[in-house]
Amino acid sequence: EDLLMKFYPTVNILGNEKKELLKCLQSKNWSSFKGALNEKDYKKILNLNSIVAGKLKDLEVRFLGGKYVRKLESQVAKKFNVKFCVSSNSATSCLHMALASINVGPGDEVLVPSMSFNSTATSVLYVGAIPKFVEVKKDTFCIDPDDIIKKITKNTKAIIVVHLGGNSADMQKILKIAKKFNLRIIEDAAQSPGVKYKNKYLGTFGDIGVYSLTETKNITCGEGGLLVTNNKNFAKRSRLLRNHGEGVIPNNLKKTEYENIVGMNYRLTELQASIAIHQFSNLDKVNKKRKQNADILIKGLKKYKHLLIPQKIEKHTEYFPYILKFLWQGNHIIKKEILLKKLNQLRIPFTGGYGRMMHENPIFSKQIAYKNGWPYSFKKNKSLKKNYGTGSLPISENLNEKFIWFKFIHPPNG
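Figured I'd write up the structure that's included with this text. This is a predicted model, so every value here is computed, not measured.

What counts, and at which threshold
Residues numbered from 1 in each chain as written. Predicted model: local features only at pLDDT ≥ 70, side-chain atom pairs only at ≥ 80, totals over all residues. Heavy atoms only, no water. Patch = residues over 30% accessible without salt bridge, like charges linked within 9 Å, V, L, I, M, F, W, Y side chains within 5 Å. Areas by Shrake-Rupley, 256 points an atom, 1.4 Å probe, with all protein chains shown as cover. Salt bridge = Lys/Arg side-chain N within 4 Å of Asp/Glu carboxyl O. Helix = DSSP H or I, 4+ residues; strand = E, 2+ residues; numbered from the N terminus. Lys, Arg positive; Asp, Glu negative; His and termini not counted. Charge placed at Lys NZ, Arg CZ, Asp CG, Glu CD. Buried < 20%, exposed > 50% of the residue type's maximum accessible area, 1.4 Å probe, protein only. Pairing = 2+ DSSP bridges. Right-handed = clockwise from strand over helix to strand, strands pointing away. Contact = heavy atoms within 4.5 Å. 1 Å grid on protein atoms, 1.4 Å probe; cavity = no way out; pocket = protein on both sides within 12 Å on 5 of 7 lines; lining within 4 Å. Points joined across faces, edges and corners; volume = space filled by probe spheres on them. Nonpolar A, V, L, I, M, F, W, Y, C, P; charged D, E, K, R; others polar. Axes fitted to C-alpha atoms, helices over the stretch in contact; angles between N-to-C directions. Core = buried A, V, L, I, M, F, W, Y, C linked by side-chain atoms within 4.5 Å.

A few words now on a nonpolar patch on the surface. A surface patch of nonpolar side chains, about 390 Å² in accessible area, is lined by Tyr 126, Tyr 370, Trp 374 and Phe 378. Inspection of the secondary structure assignment puts Tyr 126 in helix α7 (residues 119-126).

Together, Lys 173, Lys 176, Lys 198 and Lys 315 make up a region of like positive charge exposed at the surface. Among the structural elements, Lys 198 can be located in the loop between β6 (196-197) and β7 (200-201). When its relative accessible area of 42% is taken as the criterion, Lys 198 is described as partly exposed.

Consecutive side chains of a regular strand alternate in pointing toward one face of the sheet and then the other. Counting buried residues along strand β2 (residues 109-113), five of its five residues qualify, which places the element largely inside the surrounding structure. Along β2, one buried face is formed by Glu 109, Leu 111 and Pro 113 and the opposite face, lined by Val 110 and Val 112, is buried too. Where β2 lies against strand β3 (residues 130-134), five bridges are found, and the strand directions are parallel. Pairing of Val 112 across the sheet is with Phe 133, part of β3. With respect to chirality, the unit in which β2 leads through α7 into the neighbouring parallel β3 is right-handed.

Relative to the helices and strands, Leu 327 is located in strand β12 (residues 324-328). When the C-alpha atoms of Leu 327 and Asp 284 are compared, they prove to be 28 Å apart, with 43 residues separating the residues in sequence. Beyond its immediate chain neighbours, meaning those up to four positions away, Leu 327 contacts Lys 138, Phe 141, Leu 307, Leu 308, Ile 309, Leu 399, Lys 402 and Phe 403.

A probe as big as a water molecule, rolled over the atoms, marks out the empty space that is left. Roughly 670 Å³ of internal volume is contained in the largest pocket. Lining the largest pocket are 31 residues, with Phe 117, Gln 191, Thr 216, Lys 217 and Tyr 322 positioned closest to its centre. At the level of secondary structure, the elements contributing two or more residues to the lining of the largest pocket comprise α6 (91-101) and α7. The leading source of residues in the lining of the largest pocket is α6, at three residues. Of the residues belonging to the lining of the largest pocket, the class tally is twelve nonpolar, 13 polar and six charged. Forming the walls of the second largest pocket are Leu 297, Leu 301, Tyr 304, Leu 307, Leu 308, Trp 328, Leu 339, Leu 343, Ile 348, Phe 350, Ile 404 and Phe 406. Secondary-structure elements contributing two or more residues to the lining of the second largest pocket are α14 (336-345) and β14 (403-406). For the lining of the second largest pocket, the class distribution of residues is twelve nonpolar, no polar and no charged.

Before going further, it helps to examine the sheet that holds strand β9 (residues 225-229). Hydrogen bonding along the main chain pairs the strands of a sheet, whether they run parallel or antiparallel. With mixed pairing, the seven strands of this open sheet are ordered in space as β1-β9-β8-β5-β4-β2-β3. The two strands at the open ends of the sheet, each matched to only one other strand, are β1 (84-88) and β3. Strand-to-strand twist in this sheet, taken as the mean axis angle between neighbours without regard to direction, amounts to 20°. Most of the contacts of helix α5 (residues 67-80) go to β1, to which it runs at about 135°, and overall it touches β1, β8 (208-212) and β9. Its contacts with the sheet put helix α9 (residues 171-181) on β4 (156-162) and β5 (184-188), and the angle it makes with β5 is roughly 150°.

The subject of this paragraph is empty space enclosed by the protein. Overall, the coordinates contain one cavity of 30 Å³ or more when judged by the stated rule. In this structure, the largest cavity spans a volume of roughly 80 Å³. Lining the largest cavity are Thr 10, Val 11, Asn 12, Leu 14, Lys 217, Asn 218, Thr 220, Gln 279, Val 286, Arg 290, His 410 and Pro 411. A class-by-class count of the residues in the lining of the largest cavity yields four nonpolar, six polar and two charged.

Take the nonpolar core next. Judged by nonpolar contacts, the single largest core of 81 residues is most densely connected at Met 115, Ile 148 and Ile 174. Sorting elements by how many residues they give to this core places α6 first, with seven residues. Ignoring sequence-local partners within four residues, the contact set of Ile 148 consists of Leu 111, Val 134, Ile 143, Ile 159, Ile 174 and Ile 177.

In structure tokens:
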């Protein structure tokens, strides 16, 4: 894959990134964050919606970052029609912020699909809770609402919905389930920024949405993440979690608003934000090109449709692919591993699926996340063992064995 990246570049410079980055460099304000807050202003500042915060003077409220960070957050809030955007150094950090913001903790269970990147599940461990794995639908590869219902217990507090590969999960069903069982929804839309379901952006259906700005994503500033929400309390908790918040909380705050604030340094730098602003302004253009590239490739492979089955797009979804995912049904002709080897020898960048599914990782299968078995040891639950290890999610495992992916669908490729 490293060799292929020489022929299929990952990063695409889209506009004035260099010009703005140099301006930021010369300003000497490379990260304008400050982990301090004037107590008399804390309520006003922490409750500011992102569009208003974006209009502040350059160094007016450093607890919320500098002008580039706040401009980026304002831009995202406007685009996705949400009140708050909280940027961070990664989408993984945003997932941690999201879970801590909705007050998930020890003894709680969070439902997650095993078919995702590791941080979707490990972020649950960061707050001392337990991830419980859910199957995906056989055709869309997104979390299966029917299996969600089967996995809910009295300890379930939230669902992390992953919109995999630019596709949407079945949000209509999932929202109904969450309402019925009083569950919070976090949308991991790291691979689906700008994708719409029923004419509304993914990431804005649940309580909190998360996007990624890492190098391989649709838009990038190298590393970074974006958290969006319309909930004022979740936004201010996320802002505190991002920036050493326990050091600025006055003693007279209500416990229910600010309990369990263990602040981190999840701050995005001004240098990164200056790049992300121009990348984000080109999101629609980039997504459109991804779709064009995908359509060309799928059309060209149509004669092999009985062998290469593409990901089915969820109903009501305006799809923009992150990775083209196919199921290989031709092992009777040529084994998948041999096919991939021959394709890569021809510099055609197809890869296999995940090395292993998340529920097969020792951190889960052996329940050894932290010392003395924490957090699994908090509440001994024998039924959880059935949810971990090879064989516990046969649908997901079977799909992964058949996966053939085309990762380089993005511009400037094509």
